[in-house]
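# Reading the structure
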Amino acid sequence: MARVLSCIQPTGDVHLGNYLGALRNWVSGQHANDVFHGIVDLHALTITDKPGVLGKNTVELAAMLFAVGLDPEVATVFVQSHVPEHSQLGWIMECTVSFGELSRMTQFKDKSAKREADFVSAGLFTYPALQAADILLYDAAEVPVGDDQRQHIEITRDIAVRFNHRFGDTFFLPKAVTPPAGARVMDLLDPTSKMSKSSETDAGCVYLLDAPSAIEKKFKRAVTDSENEVRYDREAKPGIANLLDILSAVTGTSPQQLADQYTQYGALKSDCGAAVAAMLTPIQSRYTELMNDKAELGRLLRIGAEKAGTVAQATLARAHDAIGFYPR
Ligand code: TYM
């Protein structure tokens, strides 16, 4: 059984990119592996400045993680701030990564550029150090993520190697695992940018809680190109390739094979919308049921925090021993 860890930020509604790029893989791997999944509220704090928002988003995200199929009997689902070892190892990671390495992170460059005149916290800059702590605390072998997180997994490996070299073998080296289709779901209105909660408008981003009619409408309006040939070419035809990738992720048929089945853009768009809406309908009903029992969600998260805490405490103690802090 491989130890698997991956996390998601409670920054608002979960979208199709999160689901196809990551969550679906979390669910499919949960019975074959020993899996830990964190709701990383400390990461979301890097861009949150209003009271109460994180707590509300956290419980909603917990309901969504169980609604997409994580089984609390086998998967450990926990809230990052409930396991203080994340912050504690986070500091040690900050002391193991360089300013230069952090400066090269594309996610920091993108996010800080988008915030322009807004407050750019130091936490946004040191974010990958905390993410390294999230992963290394659990001795994770595999980290199922979308493509956009690969760089953060690479820097985690670099940090682990440096720590092990300085203080002796302590951390296990993880590897990123991305799905064959859906690793990079693009915005429907701007298919050269990844689908994201921070997109300019909601029209290019499909949320898991969107009504079926809204989903179909978003796909009908998807930006394509001025040709009329359905062909899988990510460079020349990013809009069509994105639709084929999404349909491929939902149906399991390869994007090239799907391309051969369509002559019209309109039919591809409507089939894509219908397939996504059908996939999400049962998830939406489970979500509604789960949100009606917040006490149960709280109970499950407490169990998750206990289990995660046991593993995290042991790893942090190992790191402290390796460093050789004077014992208390
Ligand atoms: P976050 O919260 O932005 O996204 C959660 C997961 O969704 C994937 N994802 C996508 N996949 C495909 N296409 C897209 N358009 C798309 N958008 C998002 C992400 O790759 C991710 O797997 N830094 C992380 C959270 C994190 C984490 C960790 C992840 C903190 N600690 C430890 C793994 C391990 C993030 O911001 O993900």
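Residues numbered from 1 in each chain as written. Predicted model: local features only at pLDDT ≥ 70, side-chain atom pairs only at ≥ 80, totals over all residues. Heavy atoms only, no water.

This part takes up the domain arrangement of the protein chain. You can read the domains of the protein chain as domain 1 (3-182 + 294-323) and domain 2 (202-288). Between the C-alpha centres of domain 1 and domain 2 there is a distance of 29 Å. Counting from both sides, the interface comprises 14 residues of domain 1 and, opposite them, 16 residues of domain 2. Between domain 1 and domain 2 we count 0 salt bridges in total. Seen at the junction of domain 1 and domain 2, the total is 4 residue pairs in polar contact (both at pLDDT 80 or more). When contributions to the side of domain 1 that touches domain 2 are tallied by element, the ones reaching two or more residues are helix 1 (16-29) and helix 3 (53-67). Residue classes in the side of domain 1 that touches domain 2 are distributed as 9 nonpolar, 2 polar and 3 charged. (Domains from an automatic or database assignment. Contact = heavy atoms within 4.5 Å. Salt bridge = Lys/Arg side-chain N within 4 Å of Asp/Glu carboxyl O. Polar contact = N/O pair within 3.5 Å; in protein donor to acceptor, adjacent residues only side chain to side chain. Helix = DSSP H or I, 4+ residues; strand = E, 2+ residues; numbered from the N terminus. Nonpolar A, V, L, I, M, F, W, Y, C, P; charged D, E, K, R; others polar.)

Attention now goes to the pairing of strand 2 (residues 34-39). The element strand 2 is largely enclosed, with a buried count of 5 among its 6 residues. Note: strand 1 (residues 3-8) against strand 2, 6 bridges, orientation parallel. Bridged to arginine 3 within strand 2 is aspartate 34. Looking at chain direction, strand 2 and strand 3 (residues 76-79) are connected through 4 bridges and run parallel. Counterpart to isoleucine 39 in the pairing with strand 3 is valine 79. (Buried < 20%, exposed > 50% of the residue type's maximum accessible area, 1.4 Å probe, protein only. Pairing = 2+ DSSP bridges.)

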